[in-house]
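Understanding the architecture of this molecule
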Amino acid sequence: MSNLETSPSEYQLTTGGGAVPDGQCPGVDVEIITAREVPLGGPRALTVRRTLPQRKRSLIGAWCFVDHYGPADVATTGGMDVAPHPHTGLQTVSWLFSGEIQHIDSGGNRGIVHPAEINLMTSGYGICHSETSTPETTTLHGVQLWLALPETARSTAPRQFEHYAPNALSLDDASSSTAHVFIGNLLGQRSPIETFTPLVGAQFRLAPGDSVTFAVDPAFEHGVLADVDGLALEGVSLPRGAIGYTGVGATELNLTNTTDAEALAVLIGGEPFTEDILMWWNFVGRDHAEIVEARNQWQERSERFGVVEGYVGRGGPDANADGMAWLPAPELPNAEIRPRVNPAPVARGEDED
């Protein structure tokens, strides 16, 4: 998915705390990271709830971008229609609760994203792709996430597209609660999806009133994205679209559905990312000059990003609903980037922003 903001923020994320400060025990405190709404496109745009990146906290492990959308009536919103757009230095993770999305990228990969099946695209030095909801989709509901690639892989990892449908794990013999582990190792299940830093990602579907306690890696920081109101992490209520963040140090987490309906949540986590990165629009780099170069090369349609073959948007075979066959990059800001320190991997209270 593309960041379609016309004036995207620049995020230079320095590692101001790659470890728990001396003398502090993180416990299992919960920090609430709320979302902001961002429209994807024109007047009938699909609106997403963006939780990462933001000023309060911009990384959870290597997870650097979280968009949560739906359930959206495609007849009203027009669904998803994101024309070819570029990425550098990252991996994109598509995970759906309902609906379908057609993916086409310049690495020659095509695929349909189905519910409960991960589709991961590795950009390496540069890639471009398009994303459109299929004609059969009536309701679109899911998450789009990005992973920052480390220095060892960000320029050398090949353009790649991976697909994996994890088995549903039963969480309770007495209920219908399940989990799908789509990245990393959790609940005794390991995903074969390749990442370049230690990570975990999983969907939880909790039956009404159900609660689950599960073991986690204490070297990881974790966040739980709530799809609905009424989910509680470690007894702390999570607003819809927010992430409950627990930092490093926890050996187990408890997630509870306090509602009388089924509830979905997405767990993300990983070892704290110790490299300074800069995010702007759809690029993850290391300094301002690198972002300027990537933007210029995209605008010039250079070979760095390749070409998407076969994109068909709602506006016709060569354009999306806004008449664009590709997404031009926004204008860069006039000022140089000011450093922004990502906090230490310890959950903070509201007064510590």
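Presented here is a report on the structure given in the accompanying data block. What you are looking at is a predicted structure, and each value in this text was computed from that prediction instead of being measured.

Structural notes on the overall build of the protein
- When you go through the protein residue by residue, the secondary structure sums to two helices and 28 strands.
- Sequence separation of 24 or more characterises 75% of the internal contacts of the protein that already satisfy a separation of 6 or more.
- Of the accessible surface of the protein, which amounts to about 13,800 Å², a share of 48% is contributed by carbon and sulfur atoms.

Remarks on the sheet that holds strand β22 (residues 236-238)
- Ordered by their spatial adjacency, four strands build an open sheet running β19-β24-β21-β22, and the pairing between neighbours is antiparallel. A strand with exactly one partner marks an edge of an open sheet, and here the two such strands are β19 (211-215) and β22. Taking each pair of neighbouring strands and ignoring which way they run, the sheet shows an average axis angle of 25°.
- Relative to β22, strand β21 (residues 231-233) runs antiparallel, the two being bridged by three bridges. Note that in β22 the partner of alanine 232 across the bridge is serine 237.

Structural notes on helix α2 (residues 288-299)
- Taking 1.5 Å per residue, twelve residues should reach 16 Å; α2 reaches 17 Å between its end C-alpha atoms and fits that length.
- Among all positions in α2, only His288, Glu290, Ile291, Ala294, Arg295, Gln297 and Trp298 are buried.
- Packed against the buried residues of α2 are β6 (81-87), β11 (127-133), β26 (277-280) and β27 (283-285).
- Sitting at the head of α2, aspartate 287 places a side-chain oxygen 3.3 Å from the backbone nitrogen of alanine 289.
- Looking one or two residues past α2, arginine 301 carries a phi angle of roughly 55°, positive in sign.

Considerations on the packing of aromatic side chains
- Taken as a whole and judged by the stated rule, the model has nine aromatic pairs.
- Chaining the aromatic ring pairs together yields one cluster made of Trp280, Trp281, Phe283, Trp298, Phe305 and Trp326.
- Looking at arginine 301, its charged tip hangs above the ring of tryptophan 298, at a distance of 5.9 Å from the centre.
- The ring of tyrosine 125 has arginine 304 lying over it, and the distance from NZ or CZ to the ring centre is 3.8 Å.

So, the pairing of strand β20 (residues 221-226)
- When you tally the buried positions in β20, you get six out of six residues, the bulk of the element.
- Every second residue of β20 is oriented toward a common face, with Glu221, Gly223 and Leu225 on one face and His222, Val224 and Ala226 on the other, all of them buried.
- Relative to strand β25 (residues 263-270), β20 runs antiparallel, the two sharing six bridges. Among the inter-strand pairings, valine 224 is bridged to a residue of β25, identified as leucine 267.

Considering the nonpolar core
- The biggest cluster of nonpolar side chains holds 36 residues, and the ones touching the most others in it are Trp63, Val93 and Ile183.
- Looking at this core, the elements that each hand over two or more residues are β5 (63-73), β7 (90-98), β10 (118-122), β12 (139-148), β15 (178-183), β23 (243-247), β25 and β26.
- The biggest single contributor to this core is β12, with five residues.
- By size, the runner-up hydrophobic cluster in this structure holds 31 residues, among which are Val74, Val308, Tyr311 and Leu327.

Quick notes on the pattern of salt bridges
- Counting across every chain of the model gives nine salt bridges.
- One salt bridge connects arginine 154 with glutamate 290, and the closest N-O pair in it is separated by 2.6 Å. Taken together, the residues arginine 154 in the loop between β12 and β13 (160-164) and glutamate 290 in helix α2 connect sequence positions 136 residues apart. No difference in accessibility class separates arginine 154 from glutamate 290, as the two residues are buried.
- Sharing partners across several salt bridges, the network here consists of Glu151, Arg154, Glu275, Arg286 and Glu290.

Regarding the pairing of β5
- Within β5, nine of the eleven residues are buried, which leaves the element mostly enclosed by the surrounding structure.
- For strand β4 (residues 46-52) and β5, the ladder comprises four bridges, and the chain directions are antiparallel. Among the inter-strand pairings, arginine 50 is bridged to a residue of β5, identified as aspartate 67.
- Across eight bridges, the pairing between β5 and β12 is antiparallel.

Quick look at the environment of proline 71
- Here proline 71 is to be found in strand β5.
- You can call proline 71 exposed: its relative accessible area is 53%.
- Between the C-alpha atoms of proline 71 and serine 98, which are 27 residues apart in sequence, the distance is 7.9 Å.
- Leave out the neighbours within four places in its chain, and proline 71 touches Thr139, Leu140, His141 and Arg240.

Thresholds applied
- Residues numbered from 1 in each chain as written.
- Predicted model: local features only at pLDDT ≥ 70, side-chain atom pairs only at ≥ 80, totals over all residues.
- Heavy atoms only, no water.
- Helix = DSSP H or I, 4+ residues; strand = E, 2+ residues; numbered from the N terminus.
- Contact = heavy atoms within 4.5 Å.
- Areas by Shrake-Rupley, 256 points an atom, 1.4 Å probe, with all protein chains shown as cover.
- Pairing = 2+ DSSP bridges.
- Axes fitted to C-alpha atoms, helices over the stretch in contact; angles between N-to-C directions.
- Expected span 1.5 Å × (residues − 1).
- Buried < 20%, exposed > 50% of the residue type's maximum accessible area, 1.4 Å probe, protein only.
- Polar contact = N/O pair within 3.5 Å; in protein donor to acceptor, adjacent residues only side chain to side chain.
- Phe/Tyr/Trp six-rings, centres within 6.5 Å; stacked < 30°, edge-to-face > 60°.
- Lys NZ or Arg CZ within 6 Å of the ring centre and 35° of its normal.
- Core = buried A, V, L, I, M, F, W, Y, C linked by side-chain atoms within 4.5 Å.
- Salt bridge = Lys/Arg side-chain N within 4 Å of Asp/Glu carboxyl O.

All quantities given are derived from atomic positions and should not be read as evidence of function.
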